[in-house]
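# Structural overview for review
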Amino acid sequence: MAMLGYLKTPILASKSMMFPLRHVLIDNEAPRDLDLLRDQKFPKNLEKVTLLKFTRMPRRRFPQDLKVLYIHSRFKGKLGQLPRQLEELYLWAAVLKLPLHLPRRLKELTICSCGFTPLELPELPETLKVLRIMCMNFNQKLKLPMNLEELVIRSVNFNQQLRLPERLKSLRIYSDNFKQPLEFPESLEKRQILRPFTYLW
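Residues numbered from 1 in each chain as written. Predicted model: local features only at pLDDT ≥ 70, side-chain atom pairs only at ≥ 80, totals over all residues. Heavy atoms only, no water.

### Notes on the nonpolar core
- Ranked by internal contacts, the top residues of the largest apolar core, which has 43 residues, are Leu89, Leu109, Leu121, Leu131, Phe138, Leu151 and Leu162.
- Of all elements in the fold, only strand E2 (23–27), strand E3 (48–52), strand E4 (68–72), strand E5 (88–93), strand E6 (108–113), strand E7 (130–135), strand E8 (150–154) and strand E9 (170–174) reach the threshold of two or more residues within this core.
- Top contributing element to this core by residue count: E7, with three residues.
- Setting aside residues no more than four positions away along its own chain, Leu121 makes contact with Leu98, Ile111, Ile133, Phe138, Gln140 and Leu142. (Core = buried A, V, L, I, M, F, W, Y, C linked by side-chain atoms within 4.5 Å. Buried < 20%, exposed > 50% of the residue type's maximum accessible area, 1.4 Å probe, protein only. Helix = DSSP H or I, 4+ residues; strand = E, 2+ residues; numbered from the N terminus. Contact = heavy atoms within 4.5 Å.)

### Considerations on the environment of Lys169
- Among the secondary structure elements, Lys169 is positioned in the loop between E8 and E9.
- By relative accessible area, Lys169 is classed as partly exposed at 37%.
- Spatially, the C-alpha atoms of Lys169 and Glu150 are 6.0 Å apart, while their sequence positions differ by 19 residues.
- In contact with Lys169, other than residues within four places in its own chain, are Glu149, Ser187, Leu188, Glu189 and Lys190.

### Quick look at the pattern of salt bridges
- Within this structure, the stated rule accounts for three salt bridges.
- For Glu150, the salt bridge is made with Arg172, and the minimal N-O distance between the two is 3.3 Å. Separated by 22 residues along the polypeptide, Glu150 in strand E8 and Arg172 in strand E9 bring together distant segments of the chain.
- Under the relative-accessibility criterion, Glu150 is labelled buried at 17%. (Salt bridge = Lys/Arg side-chain N within 4 Å of Asp/Glu carboxyl O.)

### Digging into the pairing of E8
- The buried count for E8 comes to five of five residues, which makes it a mostly enclosed element.
- Side chains Glu150, Val152 and Arg154 project from E8 onto one buried face, and the interleaved Leu151 and Ile153 project onto a second face that is buried too.
- When E7 meets E8, the two strands line up parallel, connected through five bridges. The residue of E8 that forms the bridge with Arg132 is Val152.
- The pairing of E8 with E9 spans five bridges and is classified as parallel. Considered in E9, the bridge of Glu150 is made with Ser170. (Pairing = 2+ DSSP bridges.)

### So, a positive patch on the surface
- A surface patch of like charges, here positive, comprises Lys107, Lys129, Arg167 and Lys169.
- When you line up the elements, Arg167 lands in the loop between E8 and E9. (Patch = residues over 30% accessible without salt bridge, like charges linked within 9 Å, V, L, I, M, F, W, Y side chains within 5 Å. Areas by Shrake-Rupley, 256 points an atom, 1.4 Å probe, with all protein chains shown as cover. Lys, Arg positive; Asp, Glu negative; His and termini not counted. Charge placed at Lys NZ, Arg CZ, Asp CG, Glu CD.)

### So, the packing of aromatic side chains
- Counted according to the given criterion, the structure contains three aromatic pairs.
- Seen in terms of ring centroids, Phe138 and Phe158 are 5.8 Å apart; in terms of plane orientation they differ by 5 degrees. Their pairing is stacked. Of this pair, Phe138 sits in the loop between E7 and E8 while Phe158 is found in the loop between E8 and E9, placing the two residues 20 residues apart along the sequence.
- A centroid spacing of 5.9 Å and a plane angle of 10 degrees characterise the contact between Phe158 and Phe178, whose relative ring orientation is stacked. (Phe/Tyr/Trp six-rings, centres within 6.5 Å; stacked < 30°, edge-to-face > 60°.)

### Some points on the environment of Arg195
- For Arg195, the location among the structural elements is in the segment after strand E10 (190–194).
- Judged by its relative accessible area of 56%, Arg195 falls in the exposed class.
- In this structure Arg195 touches Ser175, Asp176, Asn177 and Phe178, once residues within four positions along its chain are discounted.

### Some thoughts on the confidence of the model for the chain
- Here the chain shows a mean pLDDT of 79. Residues at 70 or above account for 72%.
- Long-range and interchain partners of residues 1–19, a stretch whose pLDDT sits below 50, account for 29 contacts in this model, where long-range means more than four residues apart. (pLDDT = per-residue confidence, 0-100.)

Right, here's the structure in full:
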């Protein structure tokens, strides 16, 4: 288990643990995992939670000081309230609706939505440094944070003007329709503007 980078939740019951548990994986098809979520017996110093095989966001709240949330599910519906201290959010889901307000300390946001419903992003926090979007149907005008260093957009329909931040280091756009002129900042180290759209990261 340790080689995979996470520990399954039944280990939380062990009193012989000699190191703090930083990452918990919760599988919607594992009863003991769901018991942990229901009882909210999260370990102290928990930094990362991974949700697998969920079709909707659990109603239980996660620790407010959680740093990383990874959702890999056939997710439908609203994402709901997110921990205030969250710094990294990874969403691999079919259909999802983001909250109106993202955590103000968020540094990294990765969204992979395979559904045909248009993806709508809320206002992005200024703390954001990495933004990755992969969605079949995304064509929203973006106001990019000034501190952004990496931007990846993969979408069949994307064709919006982009004002690139002065600190941007990496830019990748993969779209069948993107035809907008771009003014590249001096900080840019890597760029790819390619057609056609591809799912490969």
